[in-house]
Amino acid sequence: MKAPRWHIVVIVAAALAFPLIVRSDYYVHMFILALLWVVIGSSWNLLAGYTGQVSFGHAIFFGIGAYTAGLCATKLGISAWWGMLLGGPIASLIGLVIGWICFRLRGPYFALATIAVGEIFRLAAVVWRSLTGGMQGILLMQSFRSKLPYYYLALAIAFGCIYAIHRVMRSKWGYYFIAIREDQDAAESMGVNAFRYKSLSLVVSSFFTGLAGAFYMNYMAFIDPEVVFSLHHISIMAILVGIIGGVGTLWGPPLGAFIMVFLQETFRSSFFGLGPRWVSELHVLVFGLLVIFVILYMANGIVGDWDKIRRLGSSKAGAASASAGKGS
Amino acid sequence: MAVFIQTVVAGILMGGIYALVGIGMTLIMGVMKIINLAHGQLMMVAMYITYVLYEYLHLDPYVALLVTMPALFVLGSLLQRYLLNPLIKVESILPENQVLMTVGIGMVLTELARLIFHSDYKSVRPPYTSMSLYAGSIAFNLPMVIAFGIAVLLTIGLFIFLLKTDVGKSVRATAQNKEAALLLGVNAERITVFTYGLGAALVAAAGTLLLPIYYLFPDLGGAFTLKAFVITILGGLGSTVGAIVGGVVLGVSESLGATYISMALKDAVGMVIFLLVLIFLPGGLKRLTKI
């Protein structure tokens with residue numbers, strides 16, 4: 001699905017106007033979380049969906065970003081906002097090292113290695129108390145009481161991330177990435193240095209995930225290892241966000257992020273207080289069921305299989321199938 | 001020295017249970033070529049069944065094996081039949097779709113457990129859990145010894161099954177070469193369903209055996225999924241002998257790590273071994289022994 005230019009203008013305008021129209025901290029908070037997941041899901045998608053390296057360890061970069069910001073405040077005595085400058089580059093640097101270790105493995109082996117590295121980082125953050133504060137985590141004061149500055153900052157990061165991925169995928173790099181995903185050996189025999197381009201993909205991907213982490217530290221003002229280095233709540237969620245929206249599509253992970261955040265919140269709040277209380281216990285379960293459903297019936301996600309969905313909806317079957325194309 | 005021996009003994013006993021977890025995983029991996037990231041969650045389901053049987057019917061955990069293993073066999077077969085096999089025919093960008101499906105399955109199982117039993121810790125404590133056998137100054141915790149014994153028996157049974165029976169031979173044939181097995185008249189699809197069921201039943205046994213010496217909560221599955229693939233990679237994908245060795249190695253190194261490094265870093269030991277094996281010995285112990 002390729003969004004026409006006016007679609008994007010409408011999305012940007014709506015996003016900019018949203019907190020001015022809906023003056024509710026609650027909904028703005030939801031949108032900030034969703035935008036954060038847009039960044040994480042999109043960056044995961046660059047590495048996994050476009051380059052074919054399914055990472056189960058994106059929490060590493062998120063955590064590194066978050067701890068960079070946190071440590072700026074607790075250890076260096078400067079504002080945690082410096083983390084927004086440092087978090088991305090440091091996450092990229094760590095990404096390079098991890099890539100150097102893990103990119104010699106392929107397919108499922110790569111996925112497993114990233115889980116292992118992720119767990120090592122989590123445990124290290126728990127145990128290395130003198131640096132990270134261990135399970136006590138890092139607690140800071142929020143800089144702004146209003147949610148507006150955070151909202152616009154998250155929005156800028158999200159659009160920056162999507163735009164950067166869009167540009168990367170239209171450059172030569174993007175074609176190399178997809179060549180590596182489709183057939184690494186064929187790509188290498190055509191002269192693509194697979195290791196180098198996988199690393200470049202990881203550098204961009206980890207940069208934005210680290211940036212998201214640094215933002216999270218500043219926004220939530222509290223982190224601990226189980227939150228930011230979590231395998232299940234960050235690394236795997238990043239994957240599921242990508243899967244639901246559609247891997248290898250530009251708008252898939254952003255859509256998946258909004259679905260994930262709002263589906264979970266709808267259930268967590270028992271349909272915003274309208275439903276019975278026990279509904280709130282279902283929030284992760286419903287998302288899991290949705291994931292199973294999507295993988296079973298829409299293997300390429302909602303955006304990736306959009307033409308298929310539209311064909312089901314309209315009676316003009318077959319007309320749309322001719323124009324079915326993957327990715328944008 | 002006594003501490004060292006005691007540590008190693010505890011590690012080996014634990015390793016027997018780990019081996020059961022690993023064998024289930026490696027069978028599934030060998031036949032289906034997928035990593036089953038719901039493996040620990042299946043174990044968690046078996047543990048909750050054991051818990052319910054003990055709590056409400058006062059059934060001894062070791063008798064409960066007769067219920068949990070068939071139950072998980074059925075559950076595993078159904079998952080493979082209706083959720084994993086249909087994905088083989090689907091075209092998708094990422095070839096890892098089946099693996100991601102197991103992630104979804106694991107998540108749903110965990111949340112169902114949380115819904116029914118809530119997040120608090122449960123345990124099953126028959127009177128004999130605190131008993132120990134002594135050999136000199138070395139203590140052998142009784143439930144661990146029983147668990148180790150049953151694990152060994154199950155493993156031997158599995159080997160006889162794989163080596164001597166027709167179905168077992170079909171499983172091995174499918175693992176070695178699916179196309180060739182198909183040509184020779186093996187119903188490969190039915191074998192995958194059977195294998196996933198078998199893998200689930202084995203991990204169910206591990207869970208039930210572990211419950212008297214462990215505790216139970218919904219998120220326990222994730223931790224054991226991690227252990228399962230550490231064992232499998234250590235032993236070599238698809239190698240049953242490797243999984244046994246891998247299980248014992250993991251058990252002993254965790255135990256040593258807990259005694260000599262720190263309790264908190266116990267889990268990191270497994271991960272570090274895992275990374276080292278992936279990098280320096282891809283293919284695992286299978287590469288060294290050729291079994």
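Predicted, not measured: the structure shown is a model, and the values here were computed from it.

Turning our attention to the overall build of chain A. In terms of regular secondary structure, chain A is built from 16 helices and two strands. Taken against the 2.2 N^0.38 rule, which gives 20 Å for 328 residues, the C-alpha radius of gyration of chain A at 20 Å falls within 12% of a compact globule. For chain A, the spread of C-alpha atoms along the principal axes amounts to about 60 × 55 × 35 Å. Taking all 328 residues of chain A together, 56% fall into the buried category. Pairs at least 24 residues apart make up 75% of the contacts formed inside chain A by residues separated by at least 6 positions. Only carbon and sulfur atoms are counted for the fraction: they give 68% of the accessible area of chain A, which is about 14300 Å². Computed over 23 positive and 12 negative side-chain charges, the inter-centroid distance for chain A is 8 Å.

Attention now goes to the overall build of chain B. Looking only at helices and strands, one finds 12 helices and two strands in chain B. Helices (α) and strands (β) of chain B occur, in sequence order from the N terminus, as α-α-α-α-β-β-α-α-α-α-α-α-α-α. A compact globule built from 291 residues would reach a C-alpha radius of gyration of about 19 Å, and chain B, at 19 Å, matches this within 12%. Along the first, second and third principal axes, the C-alpha atoms of chain B reach 60 × 45 × 40 Å. Relative to its full complement of 291 residues, chain B shows a buried share of 57%. Contacts in chain B between residues far apart in sequence, at least 24 positions, make up 77% of those at least 6 positions apart. Just so you have it, chain B exposes about 12000 Å², and 70% of that area is on carbon and sulfur atoms.

Before going further, it helps to examine the interface of chain B and chain A. Buried accessible area, meaning the area lost when the parts come together, often serves as the stated size of an interface. Taken together, the contacts link 41 residues of chain B with 45 residues of chain A. Of the roughly 3700 Å² buried at the junction of chain B and chain A (both faces included), carbon and sulfur atoms supply 84%. When the buried area of chain B at its contact with chain A is split by residue, B:I93, B:L94 and B:M107 rank highest and sum to 18% of it. Remark: the boundary between chain B and chain A carries zero salt bridges. The tally of links from chain B across to chain A stands at zero residue pairs in polar contact (both at pLDDT 80 or more). The set of elements that each furnish at least two residues to the side of chain B that touches chain A consists of α3 (61-84), α4 (97-117), α9 (220-235) and α11 (266-280) of chain B. Residues of the side of chain B that touches chain A, tallied by class, amount to 31 nonpolar, six polar and four charged.

This part takes up the side chain of A:N218. Residues and elements named next belong to chain A. Here N218 lies in helix α10 (residues 194-220). Using a relative accessible area of 6% as the deciding quantity, one classes N218 as buried. Engagement of the side chain of N218 in a polar contact is seen with the backbone oxygen of A80, the distance being 3.2 Å. With sequence-adjacent residues up to four places away left out, N218 is seen in contact with A69, A80, W81, M84, Q142 and Y150.

Another point: helix α8 (residues 188-210) of chain B. Over its 23 residues, α8(B) runs 33 Å from end to end, which matches the ideal 33 Å to within 8%, given 1.5 Å per residue. Burial analysis of α8(B) places 20 of its 23 residues in the buried class, the great majority of the element.

In this section: the packing of helix α2 (residues 25-50) of chain A against helix α12 (residues 231-245) of chain A. Residues and elements named next belong to chain A. Taken N-terminus to C-terminus, the directions of α2 and α12 make an angle of 75°; their axes are 8 Å apart at the nearest point. Taken as axis vectors, α2 and α12 run roughly perpendicular relative to one another. Between α2 and α12, the contacting residues are W37, I40, G41 and W44 on the first element and H233, I234, M237, A238, I239, V241 and G242 on the second. Here the contact of α2 with α12 is composed, by residue class, of eight nonpolar, three polar and no charged.

Our next topic: the confidence of the model for chain B. All names here are of chain B. For chain B, the average pLDDT comes to 87, and 98% of its residues sit at 70 or higher. Ranking the elements of chain B by mean pLDDT puts helix α12 (residues 286-289) last with 66 and helix α2 (residues 39-57) first with 93. Complex prediction metrics read pTM 0.87 and ipTM 0.84.

It is worth spelling out the confidence of the model for chain A at this point. Chain-level pLDDT for chain A is 87 on average; 95% of the residues reach the 70-or-more range. Here helix α16 (residues 306-313) of chain A stands out as the least confident element of chain A, with mean pLDDT 82; α10(A) is the most confident, with 94.

Residues A:L76, A:I78, A:W82, A:L85, A:L86 and A:I90 make up a contiguous nonpolar surface patch of roughly 570 Å² in combined accessible area. Since its relative accessible area comes to 34%, A:I78 is described here as partly exposed.

For the rest of this paragraph, the subject is the pairing of strand β1 (residues 132-135) of chain B. Two elements, β1(B) and strand β2 (residues 138-141) of chain B, share four bridges in a ladder whose sense is antiparallel. Pairing of B:S132 across the sheet is with B:N141, part of β2(B).

Right, let's talk about the environment of A:Y109 for a bit. Topologically, A:Y109 is positioned in helix α5 (residues 107-127). Residue A:Y109 is classed as partly exposed on the basis of its relative accessible area, which comes to 26%. In this structure the C-alpha to C-alpha distance between A:Y109 and A:E188, which are 79 residues apart in sequence, comes to 20 Å. If we skip the residues at most four places from it in the chain, A:Y109 touches B:I233, B:L237 and B:L278.

A few words on the packing of aromatic side chains. For any pair of aromatic rings, the description rests on two quantities: the centre-to-centre distance and the angle between the ring planes. Residue and element names in this part refer to chain A. One pass over the full model with this rule turns up 33 aromatic pairs over all chains. Seen in terms of ring centroids, Y26 and Y27 are 5.1 Å apart; in terms of plane orientation they differ by 70°. Their pairing is edge-to-face. On the accessibility criterion, Y27 (33% relative accessible area) is partly exposed. Centre to centre, the rings of W81 and F144 are 6.1 Å apart; their planes meet at 50°, and the pair counts as tilted. Of this pair, W81 sits in the loop between α3 (58-74) and α4 (82-102) while F144 is found in the loop between β1 (138-139) and α7 (148-170), placing the two residues 63 residues apart along the sequence. We classify W81 as partly exposed; its relative accessible area is 24%.

Here is what the cut-offs are and how they apply
- Residues numbered from 1 in each chain as written.
- Chains lettered and ligands numbered in written order.
- Predicted model: local features only at pLDDT ≥ 70, side-chain atom pairs only at ≥ 80, totals over all residues.
- Heavy atoms only, no water.
- Helix = DSSP H or I, 4+ residues; strand = E, 2+ residues; numbered from the N terminus.
- Rg over C-alpha atoms; globule rule 2.2 N^0.38 Å.
- Buried < 20%, exposed > 50% of the residue type's maximum accessible area, 1.4 Å probe, protein only.
- Contact = heavy atoms within 4.5 Å.
- Areas by Shrake-Rupley, 256 points an atom, 1.4 Å probe, with all protein chains shown as cover.
- Lys, Arg positive; Asp, Glu negative; His and termini not counted.
- Charge placed at Lys NZ, Arg CZ, Asp CG, Glu CD.
- Buried area = accessible area lost by both parts, 1.4 Å probe.
- Salt bridge = Lys/Arg side-chain N within 4 Å of Asp/Glu carboxyl O.
- Polar contact = N/O pair within 3.5 Å; in protein donor to acceptor, adjacent residues only side chain to side chain.
- Nonpolar A, V, L, I, M, F, W, Y, C, P; charged D, E, K, R; others polar.
- Expected span 1.5 Å × (residues − 1).
- Axes fitted to C-alpha atoms, helices over the stretch in contact; angles between N-to-C directions.
- Parallel < 35°, antiparallel > 145°, perpendicular 65-115°, else oblique.
- pLDDT = per-residue confidence, 0-100.
- Patch = residues over 30% accessible without salt bridge, like charges linked within 9 Å, V, L, I, M, F, W, Y side chains within 5 Å.
- Pairing = 2+ DSSP bridges.
- Phe/Tyr/Trp six-rings, centres within 6.5 Å; stacked < 30°, edge-to-face > 60°.

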